[in-house]
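# Observations on chain architecture
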Amino acid sequence: MTGEPGAGRVESRREDGLISIVIAWVNSFELLVPVLDALQGQETAADEIIVATRHDVATQERLRRAYQEVTLLAAPARTTIPTLRSMGLKSARGAIVAVTEDHCVPSNDWVATIARRVRAGCVVVGGPIENAWTERLRDWAAFLADYAAFIGPANDGPVRQLPSNNVAYRREVVPGLCATLDRGLWESFYYDQLAVRGVSLMCAPEMLVHHRRPFDFWYFVAQRYHYSRSFAGMRCQFLTRLGQLKHALGSVLLPPWLLMRGLRILAAKHRLVGRYLCCLPLITMYVSAGAVGEMVGYIAGGGLSLEKVE
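A short tour of the structure in this document, coming up. Keep in mind it's a predicted model, so treat the numbers as computed, not measured.

### Focus on the pairing of strand β9 (residues 166–170)
For β9, the tally of buried residues reaches 4 of 5 residues, placing the bulk of the element in the interior. Here strand β6 (residues 124–126) pairs with β9 via 3 bridges, running antiparallel. Bridge assignment links Val125 to a residue of β9, and that residue is Ala168.

### Looking at helix α3 (residues 57–66)
By the burial criterion, the buried members of α3 are Thr59, Gln60 and Leu63. End-on view of α3: buried residues confined to an arc of 100 degrees, all on one side of the axis. The exposed set on the far side of α3, more than 90 degrees from its buried face, consists of Val57, Ala58 and Arg65.

### Digging into the packing of helix α7 (residues 174–182) against helix α8 (residues 187–196)
Following both chains from N to C, one finds α7 and α8 inclined at 135 degrees, their axes separated by 9 Å at the closest point. In terms of orientation, α7 and α8 fall into the oblique class. For α7 against α8, the interelement crossing comes out right-handed. Residue-level inspection shows Gly176, Leu177, Thr180 and Leu181 of α7 in contact with α8, the latter providing Glu187, Phe189, Tyr190 and Gln193. Grouping the amino acids of the contact of α7 with α8 by side-chain chemistry returns 4 nonpolar, 3 polar and 1 charged.

### Notes on a nonpolar patch on the surface
A cluster of nonpolar side chains, contributed by Leu242, Leu245 and Leu249, occupies part of the molecular surface with about 320 Å² of accessible area. For Leu249, a relative accessible area of 60% gives the class exposed.

### Description of the sheet that holds strand β11 (residues 209–211)
Judged by pairing direction, the sheet is mixed, and its 3 strands sit side by side in the order β5-β11-β7 without closing on themselves. Because the sheet does not close on itself, it has two edges, and the strands there are β5 (104–106) and β7 (129–131). Averaged over all pairs of adjacent strands, the angle between their axes in this sheet comes to 35 degrees, without regard to strand direction. Bridge analysis of β5 against β11 gives 3 bridges, and the strand direction is antiparallel. For Val105, the partnering residue across the bridge sits in β11 and is His210.

### Describing the pattern of salt bridges
In the structure shown here, the tally under the stated rule is 15 salt bridges. Two residues, Glu30 and Arg62, come together in a salt bridge whose shortest N-O distance is 3.2 Å. Linking Glu30 in helix α2 (residues 29–40) with Arg62 in helix α3, this pair joins segments that are 32 residues apart in sequence. Across the pair Asp156 and Arg117 runs a salt bridge whose closest N-O atoms are separated by 2.7 Å. Of this pair, Asp156 sits in the loop between α6 (137–147) and β8 (157–159) while Arg117 sits in helix α5 (residues 110–119), and the two are 39 residues apart along the sequence. The structure contains a network of salt bridges with shared partners spanning Arg116, Arg117, Asp156 and Glu206.

### Details of unusual backbone geometry
For the bond from Gly152 to Pro153, the omega torsion is 0 degrees, close enough to zero to count as cis. Within the fold, Pro153 resides in the loop between α6 and β8. Of note, the phi angle at His270 is positive, near 60 degrees, even though the residue is not glycine. Position of His270 relative to the elements: it lies in the loop between α11 (254–269) and α12 (273–278). Classification of His270 by relative accessible area gives exposed; the value is 72%. In this structure, Leu272 is a non-glycine residue whose phi angle is positive, near 60 degrees. Locating Leu272 in the fold gives a position in the loop between α11 and α12.

### Thoughts on the packing of aromatic side chains
Considering all chains together, one arrives at 11 aromatic pairs under this definition. Both rings, one in Phe189 and one in Phe231, keep their centres 5.7 Å apart while their planes meet at 45 degrees; by these two values the pair is tilted. Residue Phe189 is found in helix α8, and its partner Phe231 is found in helix α9 (residues 217–235); the two are separated by 42 residues along the sequence. Grouped by ring-pair contacts, the aromatic residues Phe215, Phe217, Trp218, Tyr219, Phe220 and Tyr286 constitute a single cluster.

### Quick word on the packing of α9 against helix α13 (residues 280–300)
Running from amino to carboxyl end, α9 crosses α13 at an angle of 35 degrees, the nearest separation of the two axes being 7 Å. The two elements α9 and α13 cross, and the hand of that crossing is right-handed. Residues of the contact of α9 with α13, tallied by class, amount to 15 nonpolar, 5 polar and 4 charged.

About the criteria used
- Residues numbered from 1 in each chain as written.
- Predicted model: local features only at pLDDT ≥ 70, side-chain atom pairs only at ≥ 80, totals over all residues.
- Heavy atoms only, no water.
- Buried < 20%, exposed > 50% of the residue type's maximum accessible area, 1.4 Å probe, protein only.
- Helix = DSSP H or I, 4+ residues; strand = E, 2+ residues; numbered from the N terminus.
- Pairing = 2+ DSSP bridges.
- Arc of directions from axis to C-beta.
- Axes fitted to C-alpha atoms, helices over the stretch in contact; angles between N-to-C directions.
- Parallel < 35°, antiparallel > 145°, perpendicular 65-115°, else oblique.
- Left-handed = near helix turned anticlockwise from the far one by under 90°.
- Contact = heavy atoms within 4.5 Å.
- Nonpolar A, V, L, I, M, F, W, Y, C, P; charged D, E, K, R; others polar.
- Patch = residues over 30% accessible without salt bridge, like charges linked within 9 Å, V, L, I, M, F, W, Y side chains within 5 Å.
- Areas by Shrake-Rupley, 256 points an atom, 1.4 Å probe, with all protein chains shown as cover.
- Salt bridge = Lys/Arg side-chain N within 4 Å of Asp/Glu carboxyl O.
- Phe/Tyr/Trp six-rings, centres within 6.5 Å; stacked < 30°, edge-to-face > 60°.

Have a look at this one:
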């Protein structure tokens, strides 16, 4: 893919056989610690762990003191998650580059699974996500609102989408991914490009991470709003003004559609249907906040919402 933007810069750093892990760190240090501990305790060790952050110098120093072997990349305070991920991907030396988040704790064989799957021919491979913060109903509601489609059991083979916080790439597709992220777009926009080019997204059911973080009600309402507004703003790059208006009006239908989709997905998996129904009032408020965010994004653009996504 030497014709893609930034291809020469990224490809020149490749080292065959190495596995790099990239994490965009925007949440607390306390949430990041279990992730790094799990990565250091892997059955198969990663060759490098890269953490790109917008935290202040004092917070960065906590990481440097506790994890001296981690490569830390510093960015300005308002840097977005896509940009942080791009920074990490460009710095990575591995022929295989995996991306996760600062609150997603990988299973013990996560790195080994990635290595095996990519070396067996997968170009892009991801896996399921399970909830590890289970005591409060509002945390379950937030998790199910975001990740119902990605919990296990997962089918082994080609899929249409993968969670961006549990995915690995063969080096050859990293330059195009960086170009997408540098445009302020989420990975899903690049996945659409790969599908057009005949590159399959593969799911490995054993490539598991545990989503470990709490969500207070109003915080998550705001996060759903900002994520959805930023997503709509991204889509506006590909829509006419008439198309933006149609999508804005269609946002009214999103809450019932999303609620029914989540229920259908869980029913098909034979998991967590009762939990979903218990959380339904909260999930309804969360997806409604997202629908408002999308409507605003199609009408007025993404604004500064992408900077506020955590």
